[in-house]
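Now for the letters of each chain:
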Amino acid sequence: MEISYKKGQRVTRKPLIKKTGALWIGMEQTPVVFDGRMIFIESVMEFEYREPEKQFYIRARDHKNNKIYPEFAHGYPFASAYTENDVVYVFCTSLRANRPITMYQGDNPIEWYDPRGGCSVMMFWSSDLSNWQSKEILNVSGWRMWNTSVCKGSDGYVMAIEVGGEGTEEFAGKGFTSFFSKSDNLFDWQMMGNDCCYTRDRYNACPALRYFDGWYYMICLEALPVLRYAPYIYRSRDFIDWEVSVHNPVMMYGDDDRVAHPLSNFSEEEKDLLETGININNSDLDLCEFEGRTYIYYANGDQMTYSFLCEAVYDGPLEEFLKGFFE
């Protein structure tokens, strides 16, 4: 159930977000704070290889000095991350077939193939960003799982899991839907009931899940009319009944997505793409609090052939930012 707005309802101003520019070409990134630094856990997709183990992998990148750590999780896309007690936990989903991705490389859809969206979730963990251990933590036959997001809640940990694609329409509905899993210790997970979800009614992708003061806040990508995409925010106490913010969308694509970030180092070709490529998208949003400010990372682009990782900032803590959408 979605809570409707009331006649004459009064609200505060929408939290003020300042976009600071495009950092580099990329898309799925989770910012986390580790060892006093902001670290990106990023999914990488390399088209020049034919083996899925080389096409997909995950790595950590230091936000400040751009240091890149060794690759891991070969053959796994869609990384998300959570940190606790000086350990970084990375969650990613499996491939559904041992075939290379051929999407985005030609104009003929018949030749496209996307092997992503498998039925299991892997967890990798490390205390130094270089040496990783791993464990399969979920396997749901018949499901196609994509992006995930993990947070610590009122009684343990919760994972939002994006589910959708061919063969899932009967239980996942239209487009993509977020379902949920829970754990007491990060290592042993079980799915919640299928009534715990959002939303089967429409395209609702790439969740970012956080918890504060009895509420689980989730930001997902919504498909808008005329082939456009923007992030929306919702909250729930029980994963069944959801409140939709009156301040949606969280952000909207625009020319402020075409500015190069001060830390960027683009080639002339990349600058041209940033300035002139069609931009209909603010997708795959993720965020973290660092030194008292909320840092937001998202992808611009056309949702098909290119995207730049862009940064935005809210000048205040994460809890204040999320709650501000419901006041």
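Residues numbered from 1 in each chain as written. Predicted model: local features only at pLDDT ≥ 70, side-chain atom pairs only at ≥ 80, totals over all residues. Heavy atoms only, no water.

Colleague: Help me out: how do you make sense of the sheet that holds strand E4 (residues 37–45) in this one?
Modeller: Think of a sheet as strands paired side by side through backbone hydrogen bonds, with each pair either parallel or antiparallel. Pairing within the open sheet is antiparallel, and its 3 strands lie in the order E3-E4-E5. In this open sheet, the two edge strands, each paired with only one partner strand, are strand E3 (29–34) and strand E5 (56–62). On average, adjacent strands in this sheet sit at an angle of 25° to one another, irrespective of strand direction. Sheet topology places E4 next to E5; 7 bridges connect them, and they run antiparallel. What sits directly across from isoleucine 41, in E5, is alanine 60. (Pairing = 2+ DSSP bridges. Helix = DSSP H or I, 4+ residues; strand = E, 2+ residues; numbered from the N terminus. Axes fitted to C-alpha atoms, helices over the stretch in contact; angles between N-to-C directions.)

Colleague: How should the pattern of salt bridges be read in this particular structure?
Modeller: Evaluated as defined, the whole model comprises 17 salt bridges. The partner of aspartate 35 in a salt bridge is arginine 37, with the nearest N and O atoms 3.7 Å apart. For aspartate 35, a relative accessible area of 57% translates into the label exposed. Taking relative accessible area as the criterion, arginine 37 reaches 25% and is therefore assigned partly exposed. Where glutamate 222 meets arginine 202, a salt bridge forms, and the shortest distance between an N and an O atom there is 2.7 Å. Here the residue glutamate 222 occupies a position in strand E16 (residues 215–224), and arginine 202 occupies one in the loop between strand E14 (197–198) and strand E15 (204–212), the gap between them amounting to 20 residues. Given the relative accessible area of 4%, glutamate 222 is considered buried. (Salt bridge = Lys/Arg side-chain N within 4 Å of Asp/Glu carboxyl O. Buried < 20%, exposed > 50% of the residue type's maximum accessible area, 1.4 Å probe, protein only.)

Colleague: Explain the pairing of strand E21 (residues 308–314) to me, please; I cannot follow it from the model alone.
Modeller: Here is the key point about a regular strand: its side chains alternate between the two faces of the sheet. With respect to burial, E21 is a largely interior element, 7 of its 7 residues being buried. With 6 bridges joining them, strand E2 (residues 18–25) and E21 adopt antiparallel strand pairing. Paired with alanine 22 across the two strands is cysteine 310, which belongs to E21. Pairing of strand E20 (residues 293–299) with E21, which is carried by 6 bridges, proceeds in the antiparallel orientation. Bridging across to E21, tyrosine 298 finds its partner in cysteine 310.

Colleague: Sorry, what's going on with the state of the cysteines here?
Modeller: By definition, a disulfide links two cysteine residues through a covalent bond between their sulfur atoms. In total, this model carries 0 disulfides according to the counting rule given. No disulfide involves cysteine 119; its sulfur sits 14 Å from the nearest other cysteine sulfur, which is in cysteine 92. A disulfide-free cysteine, cysteine 288 has its sulfur positioned 14 Å from the sulfur of cysteine 151, the nearest such atom. Overall, cysteine 288 belongs to the buried group, its relative accessible area being 8%. (Disulfide = S-S within 2.5 Å.)

Colleague: So what exactly am I meant to see when it comes to the side chain of serine 236 here?
Modeller: Here serine 236 is to be found in strand E17 (residues 228–236). Engagement of the side chain of serine 236 in a polar contact is seen with the backbone nitrogen of phenylalanine 239, the distance being 2.7 Å. Within the structure, serine 236 has its side chain in polar contact with the backbone oxygen of aspartate 241 (distance 2.7 Å). Every residue in contact with serine 236, bar those within four places of it in the chain, is listed here: Gly214, Trp215, Tyr216, Asp241 and Trp242. (Polar contact = N/O pair within 3.5 Å; in protein donor to acceptor, adjacent residues only side chain to side chain. Contact = heavy atoms within 4.5 Å.)

Colleague: Quick question: what am I supposed to make of the pairing of strand E6 (residues 80–84) here?
Modeller: With 4 of its 5 residues buried, E6 lies for the most part within the structure. Counted along the chain from E6 to the antiparallel partner strand E7 (residues 87–95), the turn is 2 residues long, and its residue asparagine 85 has a positive phi close to 55°.

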